[in-house]
Amino acid sequence: MADGFLALNLGFAMALFALGLFAVVAKESLIRILLGIEVMGKGVTLAFVTAGYALDQLGTAQAFVFTIIVIEVVVTAIALAIMIRLQHATGRLDIRAMRRLAG
Amino acid sequence: MTYEVFAVLAIFAPLLGAGVVPLVGLASRRARDVTAIAFGLVTAVATLLTLLAVGPDPVRVYAWIPILGVGFDLRVDALGAFIAAIAGTIGFLVVVYSLAYMRHAEEEGYSLSRYYALVLLFIGAMIGLGLSDSLLAFYIFWETVGLCSFALISFYHRDAKARRAGLKAFAVTRVGDIGLLVALVALWSAGGVVTFSGLDAAGIPRDILGLAAFGFLLAAIGKSAQVPLHVWLPDAMEAPTTISALIHAATMVNAGVYLVARTFPALEALGWWPQALLWIGSITALVAALSAYAEPDLKRVLAYSTVSQLGYMVAAVGAGAILASQFHLLSQAIFKALLFLAAGAVIQAVGTRDMYGMGGLRTKMPLASNAFLVGVLAMVGIPLFNGFWSKELLLDAVLEHGFLAPFLLLVVTTFVTAAYSWRAYWLVFHGTPRFAGAARDAPRPMSAVLVILTGAAATSWLLLGPYSETMAATMPAYPVEPLGLIAAGVAILRWPSGLVPLAVAGLSAYFVFRYGPRFERRLREGSAYARLVRSGFLLDAMYNALARRLADSAQRLRSTQTGDLNINVAGVLGGIVVIVVVLLLGVV
């Protein structure tokens, strides 16, 4: 039972991660990219909890999960601030509007 | 466990102060100054009380990352406790001196909240560096010291030269910091070493130990400004003079000497490692002393003299003379703080750092003049000042261990040291005044600090007995013997080096007074020697060329940057896939 449960969890975690990654690679709207990053983070979190359960170190895994949650909040806050600035500066939320560093 | 609380207090009081001072500064400038002084005083007292807590064994204060076996461990032995005490007390004196010295900066629009916060952070990080046994904590404090030096060297941020100097200090010491990181990672991955006390040559493969030794050596060369990475220290003179005193006496440059002394018992067996220290130290001592003679800038003379004195200490560690090197570190800290702070008073009074624009200040600033003279006498090694005892011990130790060539280099350096010190003293305080306006001795807090340091420079050698006994008692792994004052005196007289500095000091004084003016004129007009020194013995030119090449190649690679987030992330993804494939196939 345990093996199937682990495989299911890890498979779901990978699927979440892949979904998020797809959004980050393929979407042009900053909002969608941020959502993609968040979804990737959820996949990683799930993988941590599963690994902690499998290795019987749930405490350690939870410590990492809390850390991830805190970092995600910070990332979201900063990303939203950047988006507001970008909207003010260019009038759109398209990452193509942020190419001024292109060589 | 009773006294260890002082060690913890000594580390965290200044770190806390660094956070509190800017907050108080929002309310009132006066309250902020008082807060900074208060935190400095608490720190100084705590570091002195830490000397009561010395013992050979590490103490676990806090189980930091239990799954990796990493804790916040302190090791309050004499080596670390003295480094901490020097940082705490001299740091406090610098804060007091800053009260009067930095007032003008506030009027020019530089934030003194930032200044005091960084100074306290600097002191706290240095104390932590000295007391940490845990390598991770040591690394964090080490990097914090580097960060603070960068920020404080470029404190006058509207001056392009100051900004460049800060950047140069950061970039050059970074080379050494990478060495430290490599050493720590190598030790951890090969032997699971997470503390200094757990560093034992027996348990680590020889090649890994060699890599770590090289890393530590590089780190020390960078931080303690040894050849060929010494170029940042003279440029760092763009900092406020108080910061120069702090960097040269209490913090920063002592870290490298401390690191090699700390790791000496484990790495001594490598053979090439002590040899490298000996040669790097003695060559640095001579090169820096020769550079100091050609400098027209008072602060740069002192900067080169620090590099030179650090060379003595590094060479002494290479000779296995831990006691002599650390005792010279104490002497150097005191007389260099004195010299810098006296120079600060002069520079503020005259308004220039150029020694050709000073002169004749002996009668106008008697206190600064006498303080500077005592500093010079201590640095040259005139008997009954602290520099004499420590330098003598150091030279004796190098000779006694049979290293004749480095010993001769160091003796020649003693001669050059005497020459450039007399030259600086003569140019600044004697002759006819070469500046307009009146110069007066510094206001009271500054003068009080000068008086304290003058007294310390004349008497700190009396501590030799307790100093060596504490070291011998708390550092069983190190080659340290307790040494009383009388025994030290006998040893100094017995070895031939005993009378050498005396003779050369007299000789070089004669040399400067008799032939100085003609030589001086040629230096000023830019003789070949002066040009060589000003190019940093060609090293600066080399580093500049290297930096330009790097910038050029970066420009050329710019066209690969699309600026498109999707493409960048896809690139990261591709990179991860490659790494995973390589790891799976086991190609590496």
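Residues numbered from 1 in each chain as written. Chains lettered and ligands numbered in written order. Predicted model: local features only at pLDDT ≥ 70, side-chain atom pairs only at ≥ 80, totals over all residues. Heavy atoms only, no water.

Draft legend 1. Just empty space enclosed by the protein, in detail. Residue and element names in this part refer to chain B. The tally for this structure, following the rule as stated, stands at two cavities of 30 Å³ or more. The space that makes up the largest cavity amounts to roughly 40 Å³. Taken together, L217, A220, I221, S224, Q226, V260, L277, I280 and V314 form the lining of the largest cavity. Mapped onto the lining of the largest cavity, the elements with two or more residues apiece are helix 8 (206-223) and helix 12 (272-293). A total of three residues in the lining of the largest cavity trace back to one element, the largest contributor, which is helix 8. There is about 30 Å³ of room inside the second largest cavity. If you go around the second largest cavity, the residues you meet are V301, L302, F372, V376, M379, Y420, S421 and A424. The residue makeup of the lining of the second largest cavity, split by class, is seven nonpolar, one polar and no charged. (1 Å grid on protein atoms, 1.4 Å probe; cavity = no way out; pocket = protein on both sides within 12 Å on 5 of 7 lines; lining within 4 Å. Points joined across faces, edges and corners; volume = space filled by probe spheres on them. Helix = DSSP H or I, 4+ residues; strand = E, 2+ residues; numbered from the N terminus. Nonpolar A, V, L, I, M, F, W, Y, C, P; charged D, E, K, R; others polar.)

Draft legend 2. Representation of the side chain of B:K391 within the structure. Residue and element names in this part refer to chain B. Note on placement: K391 falls in helix 17 (residues 386-400). This buried residue, K391, is left without a salt bridge; E392 holds the nearest opposite charge, at 8.5 Å. With residues near it in sequence (within four places) discarded, K391 still touches Q309, Y312, H328, M379, V380, T414 and T417. (Buried < 20%, exposed > 50% of the residue type's maximum accessible area, 1.4 Å probe, protein only. Lys, Arg positive; Asp, Glu negative; His and termini not counted. Salt bridge = Lys/Arg side-chain N within 4 Å of Asp/Glu carboxyl O. Contact = heavy atoms within 4.5 Å.)

Draft legend 3. Geometry of the environment of B:A183. Residue and element names in this part refer to chain B. For A183, the location among the structural elements is in helix 7 (residues 160-191). As for A183 and A46, which are separated by 137 residues in sequence, their C-alpha atoms are 31 Å apart. Not counting chain neighbours up to four residues away, the residues in contact with A183 comprise A212, G215 and F216.

Draft legend 4. View of a nonpolar patch on the surface. Together, A:F5, A:F48, A:V49, A:Y53, A:L58, A:F64, B:I67, B:L68 and B:W188 line one region of the surface with nonpolar side chains, adding up to about 840 Å² of accessible area. Secondary structure elements with two or more residues in the nonpolar patch: helix 2 (30-54) and helix 3 (58-90) of chain A. Examining the composition of the nonpolar patch, we find that three residues originate from one element, helix 2 of chain A, more than from any other. Considering the arrangement of structural elements, one finds B:W188 in helix 7. (Patch = residues over 30% accessible without salt bridge, like charges linked within 9 Å, V, L, I, M, F, W, Y side chains within 5 Å. Areas by Shrake-Rupley, 256 points an atom, 1.4 Å probe, with all protein chains shown as cover.)

Draft legend 5. Expanded view of the interface of chain A and chain B. Residue-level contacts link 15 residues of chain A with 12 residues of chain B. In this assembly, chain A packs against chain B so that about 1100 Å² is buried in total across both faces, 59% of it on carbon and sulfur atoms. Applying the counting criterion to the chain A and chain B interface returns zero salt bridges. Connecting chain A to chain B are three residue pairs in polar contact (both at pLDDT 80 or more). (Buried area = accessible area lost by both parts, 1.4 Å probe. Polar contact = N/O pair within 3.5 Å; in protein donor to acceptor, adjacent residues only side chain to side chain.)

Draft legend 6. Representation of the packing of aromatic side chains in the model. All names here are of chain B. All told, the structure shown has 21 aromatic pairs over all chains when counted by the stated rule. The interplanar angle of 85° and the centroid separation of 5.0 Å between the aromatic rings of F138 and F196 together place this pair among those described as edge-to-face. Taken together, the positions of F138 in helix 6 (residues 135-153) and F196 in the loop between helix 7 and helix 8 put the pair 58 residues apart, joining distant regions of the chain. As far as the burial class goes, F138 and F196 line up, both buried. Three or more aromatic residues link up through ring pairs in this structure, and these residues are Y110, Y115, Y116, F155 and Y156. The lysine or arginine in question, R158, covers the ring of Y110, its NZ or CZ lying 4.6 Å from the ring centre. (Phe/Tyr/Trp six-rings, centres within 6.5 Å; stacked < 30°, edge-to-face > 60°. Lys NZ or Arg CZ within 6 Å of the ring centre and 35° of its normal.)

Draft legend 7. Structural context of the pairing of strand 1 (residues 59-65) of chain B. Bridging between strand 1 of chain B and strand 2 (residues 70-74) of chain B involves four bridges; their strand directions are antiparallel. When the sheet's bridge partners are listed, B:R60 is paired in strand 2 of chain B with B:D73. (Pairing = 2+ DSSP bridges.)

Draft legend 8. Main features of the pattern of salt bridges. Residue and element names in this part refer to chain B. Using the criterion set out here, one finds 18 salt bridges over all chains in the structure. Linking E143 and R174 is a salt bridge whose minimum nitrogen-to-oxygen distance equals 2.5 Å. Pair noted here: E143 is in helix 6 and R174 is in helix 7, with a separation of 31 residues, a long-range link. For R174, a relative accessible area of 28% gives the class partly exposed. Two residues, R300 and D235, come together in a salt bridge whose shortest N-O distance is 3.2 Å.

Draft legend 9. Geometry of the environment of B:A315. All names here are of chain B. For A315, the position within the fold is in helix 13 (residues 298-318). For A315, a relative accessible area of 0% gives the class buried. Taking C-alpha positions, A315 is 8.7 Å from Q275, a pair spaced 40 residues apart along the chain. The contact partners of A315, leaving out residues within four places of it in the chain, are L277, L278, G281, S282 and L410.

Draft legend 10. Main features of the confidence of the model for chain A. Taken as a whole, chain A shows an average pLDDT of 88; of its residues, 94% reach a score of 70 or greater. For chain A, per-element mean pLDDT is lowest for helix 1 (residues 2-26) of chain A, which scores 89, and highest for helix 2 of chain A, which scores 92. (pLDDT = per-residue confidence, 0-100.)

Draft legend 11. Local environment of the packing of helix 14 (residues 322-350) of chain B against helix 19 (residues 444-459) of chain B. Residues and elements named next belong to chain B. For the pair helix 14 and helix 19, interaxial distance at closest approach is 9 Å and the crossing angle is 150°. By the criterion of interaxial angle, the relationship of helix 14 to helix 19 is roughly antiparallel. Crossing handedness for the pair helix 14 and helix 19: left-handed. Here I334, A337, L338, L341, A342, A345 and Q348 of helix 14 come into contact with helix 19, specifically with M446, V449, L450, L453, T454, A456 and A457. Looking at the contact of helix 14 with helix 19 residue by residue, the class counts come to 12 nonpolar, two polar and no charged. (Axes fitted to C-alpha atoms, helices over the stretch in contact; angles between N-to-C directions. Parallel < 35°, antiparallel > 145°, perpendicular 65-115°, else oblique. Left-handed = near helix turned anticlockwise from the far one by under 90°.)

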